[in-house]
Amino acid sequence: MEDPLSLRALPSWFVVLPDTDAAAAVAAAALAHGAQALPHRSGRPWLVGRWAPPSIVVGDCRGTRVAVLGEHSVTAEAARRAAEAAEESSLSALDRVSARWAGSLHLVASRSGRVRIRGGVVGMRRVFFTDAALPAAGGVSLASDRADVLAELAGAELDDRRLALELLTPGVPHPLSGSPMWRGVHAVPGGHHLTLDSDGRAGKARWWSPPDPHLPLAEGAVRFREALTTAVATRTRGRALVTADLGGLDSTAVCCAAAGGDAKVAAYTAAIHDELGDDAYWARRTTEALGTVEHHVVPASELAMTFDGIDTLDDLLDTPSILTVDRNRRMHIIALAAARGSSLHLTGLGGDELLAGTPARLHALMARHPLTALRDLRGYTAKYQWSRWHVLRQLMDRRSYRAWLARVVRDLDAPPAPPGGPLLDWSAPPRMPGWATPDAVEAVRELLRAHLPEAEPRGRGHGEHQEIAGMDGISQWTRHIGQMAAPLGVTVAAPYYDDRVIEAALAVRPQERITPWRYKPLIVEAMRGVVPEASRARGTKANATFEEEEGLRRHRAALLALCEESRLARMGLVDVEALREWCLGPLSAETGSYLLHPTVACEVWLRSRETAPPRTRP
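Residues numbered from 1 in each chain as written. Predicted model: local features only at pLDDT ≥ 70, side-chain atom pairs only at ≥ 80, totals over all residues. Heavy atoms only, no water.

Okay, the packing of aromatic side chains next. On inspection of all chains with the given rule, the structure shows eight aromatic pairs. Judged by centre distance (5.4 Å) and plane angle (75°), the rings of Tyr 281 and Trp 282 are edge-to-face. Classification of Tyr 281 as partly exposed rests on a relative accessible area of 45%. Each residue in the set Tyr 380, Tyr 384 and Trp 386 is aromatic and connected to the rest through ring pairs, giving one cluster. One Lys or Arg, Arg 118, reaches over the ring of Trp 207 and ends 3.8 Å from the middle of that ring. (Phe/Tyr/Trp six-rings, centres within 6.5 Å; stacked < 30°, edge-to-face > 60°. Buried < 20%, exposed > 50% of the residue type's maximum accessible area, 1.4 Å probe, protein only. Lys NZ or Arg CZ within 6 Å of the ring centre and 35° of its normal.)

Pasting the structure below:
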């Protein structure tokens with residue numbers, strides 16, 4: 001282990017070790033950097049890392065130990081009952097016992113030499129594991145909530161091919177989205193658990209599947225309100241102060257749910273330069289009606305533009321993140337929350353994928369309810385001004401997900417699809433940018449082709465796949481915000497990504513949850529009596545297109561600075577002259593600046609991992 005960058009610098013991480021003497025050496029390496037440790041019943045190290053004591057509870061029953069980490073309200077007694085159920089049956093009994101637990105959590109168990117680790121159904125609570133053959137692994141696999149921690153402990157090398165994959169726009173497709181950047185380090189898919197046997201060998205299996213979408217909107221709204229308000233209360237209970245975003249309808253629902261608890265709520269609204277941006281107007285209406293929320297509108301002039309500071313960022317993330325381009329803008333409010341004294345900041349991220357859904361649900365709806373599907377199809381086509389020919393072509397396309405991905409592999413270096421087209425396919429087809437080298441394109445092609453045999457959709461059909469895969473991607477970005485905020489001592493909580501909240505939404509009939517005729521009907525109905533009537537039926541959504549385009553002009557020099565001594569160019573992945581020429585050209589949010597985001601993310605990530613920032617908290 002040449003330079004334990006993350007182990008030295010990170011304020012929060014944990015490693016799960018198998019119950020075997022073969023893990024002794026890698027356990028000692030983890031213990032050298034961890035502040036806390038828990039043993040197996042055998043006495044061998046089990047959980048090692050750094051975590052806040054209130055975030056973990058442990059339950060024991062004879063030969064079984066259960067640990068729950070994260071944002072939850074699981075009591076020690078509930079953890080003990082879970083251990084008892086696993087002791088009397090098997091570790092799979094934990095899925096039944098925890099099926100009603102609220103919050104966002106990792107569930108780890110040890111029984112008779114066997115270890116089981118589970119995260120969430122999407123990317124907020126991730127689990128990574130290593131190959132036993134890595135140089136410093138000692139012949140065993142180990143698991144963690146961070147891929148970089150595992151890479152350092154087990155001696156994994158950076159995988160140039162995987163980094164090349166991150167250059168894809170608009171993102172890496174499933175099943176490789178969110179996978180680690182190191183050879184021999186792997187991600188456990190959402191809704192799956194990992195097991196480590198007594199020899200330290202790893203295996204994974206599914207524990208979760210999406211619910212059957214059978215509930216009518218009225219009944220589903222009641223269940224969704226209960227799930228969301230419980231998710232918020234789980235975070236706010238027992239706190240004197242919490243902070244929250246207050247912008248669109250999704251964050252408004254979360255903020256209002258928090259205002260119904262005992263904690264003092266300080267809400268922050270980011271103003272934007274666009275005169276049509278009405279978040280501040282609606283936020284004022286909401287807080288005036290509530291009468292209990294401390295409200296701060298952050299002027300647009302105080303907020304960073306897109307691309308601000310990209311040549312100086314040093315956040316230690318375990319994967320590149322396209323949030324890098326908006327890092328200073330997003331973190332301004334988190335910094336204000338920390339200065340206000342908050343250790344918990346609530347966000348509405350996740351609401352769009354879950355509540356607005358996707359028109360790709362029309363594929364399944366056409367077979368079950370053709371008249372409803374045709375009516376909605378006319379509505380979407382008119383609303384978004386889609387080409388009828390393109391709509392018909394996508395609806396008639398019966399290719400499997402694997403066949404769709406095979407075409408993506410073939411067309412990696414083709415021109416990107418024009419913006420504004422229908423959204424009825426498995427996903428928008430990702431493309432490599434024009435400055436990617438032929439070697440980078442071929443590396444990505446080989447990597448995707450190698451994973452074709454395991455390429456199954458994330459859900460049943462186009463729509464469910466799009467929604468869950470979308471939540472995987474955006475929750476990963478939200479997780480990155482949490483990693484950025486951790487050194488400030490702030491936990492960023494996103495209740496829409498909680499397992500129970502996701503289940504409650506996906507159980508509603510899609511033709512009632514997703515429609516061109518109403519804006520997010522599920523949250524509108526669910527928040528009766530929670531969100532003031534003056535704001536509940538809001539149907540607008542602001543965007544920061546101006547901030548993107550002005551940021552590009554204002555920070556072009558920072559973009560060009562990244563071209564100097566480019567790490568991606570050194571690796572042979574980017575033609576730096578082609579990239580520089582692109583950065584110098586006339587770009588807008590609609591015509592190409594978004595193509596820069598993944599490349600900037602990768603370049604900044606490589607640079608940030610060269611030197612560790614000082615730890616600001618113990």
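Okay, the sheet that holds strand β3 (residues 45-50) next. Strand order in the open sheet formed by six strands is β2-β3-β1-β9-β8-β10, with antiparallel pairing between adjacent strands. The sheet is open, and its two borders are formed by β2 (36-39) and β10 (185-187), each paired with just one other strand. Where strand β1 (residues 13-16) lies against strand β9 (residues 143-144), two bridges are found, and the strand directions are antiparallel. Paired with Val 16 across the strands is Ala 143, a residue of β9. In this fold helix α2 (residues 24-31) packs onto β1, β2 and β3, with an angle of close to 25° to the strand it touches most, β3. (Pairing = 2+ DSSP bridges. Helix = DSSP H or I, 4+ residues; strand = E, 2+ residues; numbered from the N terminus. Contact = heavy atoms within 4.5 Å. Axes fitted to C-alpha atoms, helices over the stretch in contact; angles between N-to-C directions.)

Looking now at a nonpolar patch on the surface. A cluster of nonpolar residues, Trp 389, Leu 392 and Met 396, forms a patch on the protein surface that exposes about 370 Å² of accessible area. On the secondary structure map, Trp 389 appears in helix α14 (residues 388-396). On the basis of relative accessibility, which here comes to 55%, the residue Trp 389 falls in the exposed class. (Patch = residues over 30% accessible without salt bridge, like charges linked within 9 Å, V, L, I, M, F, W, Y side chains within 5 Å. Areas by Shrake-Rupley, 256 points an atom, 1.4 Å probe, with all protein chains shown as cover. Salt bridge = Lys/Arg side-chain N within 4 Å of Asp/Glu carboxyl O.)

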